Amino acid sequence: MSTQTNPSVAYFCMEYGLDQSFKAYAGGLGILAGDYMKGAKDHNYPIVGLGIKWKQGYTDQRIDPMGKPYDTYHNYDYDFMEDTGVSVTVEIRGLEVECKVWKLEAFGNAPLYLLDTDIPGNNDTWVTGQLYGWFGEERIAQEIVLGIGGVRALRKLGIAVDVYHFNEGHALFAGFELLREKWKKKR
C-alpha cells in the first residue's frame, strides 16, 4: 500500500508535467502541477497527488510537407509505474466503471496516484484515453474519475488527508464525494 499514510494535502489535477517521456500534460497547468509534486518531494512536504493515467495523453503536433501543423496520438505503455493492486469504482452513465490505481514516483516527485479505466472488462475504456480530447461527455466522465475515483482511491489506500487541493474545476466531483461521505455519516 502507501508509503506515506498521513499526508497533509491531497492535490487533484488532470495533468502533471513531470517528464517529457510521460505524456500526461498539455501545457502550463500540467507543468505547474508537476513542479508542485517535485518541489514537495525535494522539501519533504506531506502531499500526495491524484490524477489520471492517460492512454494517449495530449496531442503530439507534427508539421506536414506543406508546413501545416496536425495532431497525432499514440498509445503509451509506461513501465515506470507501480501497480498498487487497488481499484475503485465510479458510476458513469448509470454503469459501474472500474478504475485501476497506479503509483508514480519515477521523476523525483512526491507520490502520485493515477486512475485508469483502460482495463479488461470495462465498457468505458475511452474515459482515460486522451487528455482534453474528444467531446463534452468525455470531459465530465474524466472529472468523475478524477474527483470521485480519487477520493475513493485515497480511502482504499488508507491515506488520511487534512486538506484537499483541487487544481481548477476539474476535481469538482471530489468535493461532491466528500459531501456525500459527510451526509452518509450523519444518517
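What counts and how
Residues numbered from 1 in each chain as written. Predicted model: local features only at pLDDT ≥ 70, side-chain atom pairs only at ≥ 80, totals over all residues. Heavy atoms only, no water. Phe/Tyr/Trp six-rings, centres within 6.5 Å; stacked < 30°, edge-to-face > 60°. Helix = DSSP H or I, 4+ residues; strand = E, 2+ residues; numbered from the N terminus. Buried < 20%, exposed > 50% of the residue type's maximum accessible area, 1.4 Å probe, protein only. Lys NZ or Arg CZ within 6 Å of the ring centre and 35° of its normal. Pairing = 2+ DSSP bridges.

Draft legend 1. Local environment of the packing of aromatic side chains. Summed over all chains, the structure comprises twelve aromatic pairs. Taking 5.2 Å as the distance between ring centres and 70° as the angle between the ring planes, the aromatic pair formed by phenylalanine 22 and tyrosine 78 counts as edge-to-face. Residue phenylalanine 22 is found in the loop between β1 (9-12) and α1 (28-42), and its partner tyrosine 78 is found in the loop between β4 (69-72) and β5 (82-92); the two are separated by 56 residues along the sequence. With relative accessibility at 2%, the residue phenylalanine 22 sits in the buried group. Overall, the relative accessible area of 9% leaves tyrosine 78 in the buried class. A centroid spacing of 6.0 Å and a plane angle of 5° characterise the contact between tyrosine 76 and tyrosine 78, whose relative ring orientation is stacked. Among the aromatic residues, those joined into a cluster by ring pairs are Phe22, Tyr76, Tyr78, Phe80 and Phe107. Of note, lysine 53 hangs over the ring of tryptophan 102, and the distance from its end group to the ring centre comes to 5.2 Å. The aromatic ring of tryptophan 102 is capped on one face by lysine 100, whose charged end is 4.9 Å from the ring centroid.

Draft legend 2. Geometry of the pairing of strand β3 (residues 60-63). The pairing of β3 with β4 spans four bridges and is classified as antiparallel. Note on β4: the bridge partner recorded for aspartate 60 is threonine 72. Between β3 and β4, which pair antiparallel and follow one another directly, the connecting turn spans five residues, one of which, glycine 67, has a positive phi of 85°.

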